[in-house]
Amino acid sequence: MHRRGFLSLSLAVAVSGCLEFVEDNGEEITEPADVEIAWSDLVRDNPGTEDERVYVWGVVRNVGDRTLNYLEIRATFFDGEGEQLESVIENVDEDVTSGEEWPFEVEFPRFGEEAADVDSYELEPATGV
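Residues numbered from 1 in each chain as written. Predicted model: local features only at pLDDT ≥ 70, side-chain atom pairs only at ≥ 80, totals over all residues. Heavy atoms only, no water.

### Some points on the packing of aromatic side chains
Applying the stated criterion across every chain, the model contains two aromatic pairs. Pairing Trp39 with Trp57 gives two aromatic rings, centres 5.1 Å apart and planes at 80 degrees, and the pair type is edge-to-face. Taken together, the residues Trp39 in strand S1 (residues 35-45) and Trp57 in strand S2 (residues 53-62) connect sequence positions 18 residues apart. Trp39 sits in the partly exposed class, given a relative accessible area of 38%. According to the relative accessible area criterion, Trp57 is partly exposed, its value standing at 40%. (Phe/Tyr/Trp six-rings, centres within 6.5 Å; stacked < 30°, edge-to-face > 60°. Helix = DSSP H or I, 4+ residues; strand = E, 2+ residues; numbered from the N terminus. Buried < 20%, exposed > 50% of the residue type's maximum accessible area, 1.4 Å probe, protein only.)

Right, dumping it as structure tokens:
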């Protein structure tokens, strides 16, 4: 019984130490409201073949007051019936000041017939630093 209590306490101390490190490193995680998707498009390469590739290409705009140097974009891909096929997070590693835009690409992770099933997508900024 004492071993479980010790492990729980050790885990709590380890987690709290990690949280302090994240807070003390000087970088703030932004709210997704600090960025917006300026535009995007679903693109297909080699349609109708076993090499068919699908990806979303777009542009994100920094609408916050500070420079961002990292951003995660989540793309969720759906079939023609609205069923979710996959959710992919891609990151953008560029310094972008307030008001600037930068391009991104999020690829559907499968090819061929599975890529051909992609009919639509949704995008959302996940996090930014």
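### Comments concerning the side chain of Asp79
Here Asp79 is to be found in the loop between strand S3 (71-78) and strand S4 (84-92). The side chain of Asp79 is buried and forms no salt bridge, while Arg110, the nearest opposite charge, is found at 9.3 Å. A polar side-chain atom of Asp79 sits 2.9 Å from the main-chain amide nitrogen of Glu81. If near-sequence neighbours (up to four positions away) are discounted, Asp79 is found in contact with Leu85, Asp117, Asp119 and Ser120. (Lys, Arg positive; Asp, Glu negative; His and termini not counted. Salt bridge = Lys/Arg side-chain N within 4 Å of Asp/Glu carboxyl O. Polar contact = N/O pair within 3.5 Å; in protein donor to acceptor, adjacent residues only side chain to side chain. Contact = heavy atoms within 4.5 Å.)

### With respect to the pattern of salt bridges
Between side chains of opposite charge, pairing is possible as soon as their charged atoms come close. All chains considered together, the criterion is met by nine salt bridges. Of the charged contacts, one joins Glu107 and Arg53 as a salt bridge, the two residues approaching to 3.0 Å between their closest N and O atoms. Placement of Glu107 in strand S5 (residues 101-107) and of Arg53 in strand S2 is noted, with a sequence separation of 54 residues between them. Glu107 sits in the partly exposed class, given a relative accessible area of 28%. Classification of Arg53 as partly exposed rests on a relative accessible area of 21%. Note that Glu86 and Arg110 form a salt bridge whose closest N and O atoms lie 2.9 Å from each other.

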